[in-house]
Amino acid sequence: RWERHPAYLGAVLWGVGSQVALCNPVMLMIVGFVLWGAFLKVTLEEEQELYEEFRVDYAHYSAITRCWIPLFNGLLENAAFQREMTEHLEEDAPADEADGADG
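What you are looking at is a predicted structure, and each value in this text was computed from that prediction instead of being measured.

Cut-offs and rules
Residues numbered from 1 in each chain as written. Predicted model: local features only at pLDDT ≥ 70, side-chain atom pairs only at ≥ 80, totals over all residues. Heavy atoms only, no water. Core = buried A, V, L, I, M, F, W, Y, C linked by side-chain atoms within 4.5 Å. Buried < 20%, exposed > 50% of the residue type's maximum accessible area, 1.4 Å probe, protein only. Helix = DSSP H or I, 4+ residues; strand = E, 2+ residues; numbered from the N terminus. Contact = heavy atoms within 4.5 Å.

## Remarks on the nonpolar core
Tyr8, Leu9, Val12, Phe39, Leu40, Cys67, Ile69, Phe72 and Leu76 together form the largest nonpolar core, which totals nine residues. Those elements giving two or more residues to this core turn out to be helix 1 (6-21), helix 2 (25-54) and helix 4 (72-77). At three residues, the largest contribution of residues to this core is made by helix 1. When sequence neighbours within four positions are dropped, the list of residues in contact with Leu76 reads Arg4, Thr43, Leu44, Glu47, Cys67 and Gln82. The next biggest cluster of nonpolar side chains, apart from the first, holds six residues, and it includes Tyr58, Ala79, Phe81 and Met85.

## Considering unusual backbone geometry
Its identity as a non-glycine residue notwithstanding, Cys23 has a phi of 55 degrees, on the positive side. Tracing the chain through its elements places Cys23 in the loop between helix 1 and helix 2. Even without a glycine there, the phi angle at Arg55 is positive, about 40 degrees. Position of Arg55 relative to the elements: it lies in the loop between helix 2 and helix 3 (56-64).

## Comments concerning the environment of Trp2
With respect to the secondary-structure elements, Trp2 resides in the segment before helix 1. Judged by relative accessible area, which is 77%, Trp2 ranks as exposed. Once the C-alpha coordinates of Trp2 and Thr65 are considered, the two residues, 63 residues apart in sequence, prove to be 6.2 Å apart. Leaving out residues up to four positions away in the same chain, Trp2 has contacts with Thr65, Arg66 and Trp68.

In C-alpha cells:
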C-alpha cells in the first residue's frame, strides 16, 4: 500500500543516488532521465495489462496506492485506461455503499 512500483522507485533512487555519491552532475541528469522515461513506458504498459486482467480489484488498488516516482501520478492518471478504471470505481461505489448499509 505504500508504493505502487517499489522496484522501479528503488532503481531510480539507486541510479540517481549513485551519481550524487560520485558527484557527477551530467550523468545524474542522463541517468535520471533515462531511468524515469524507461520506467514510465514500462509502468504504463504494466498497469494497463494489470487492469485488463484484474479490472475492479486493480482499480481499487491503484486508487489507494500512489506512485512516489516524480510526475508518475499525474501521467498515469491521464492514461486512457486510467479514465476507464475511474469510471469502474464510480460505478462500483453505490454497490459498495449499499453493501455497507446492510451490515
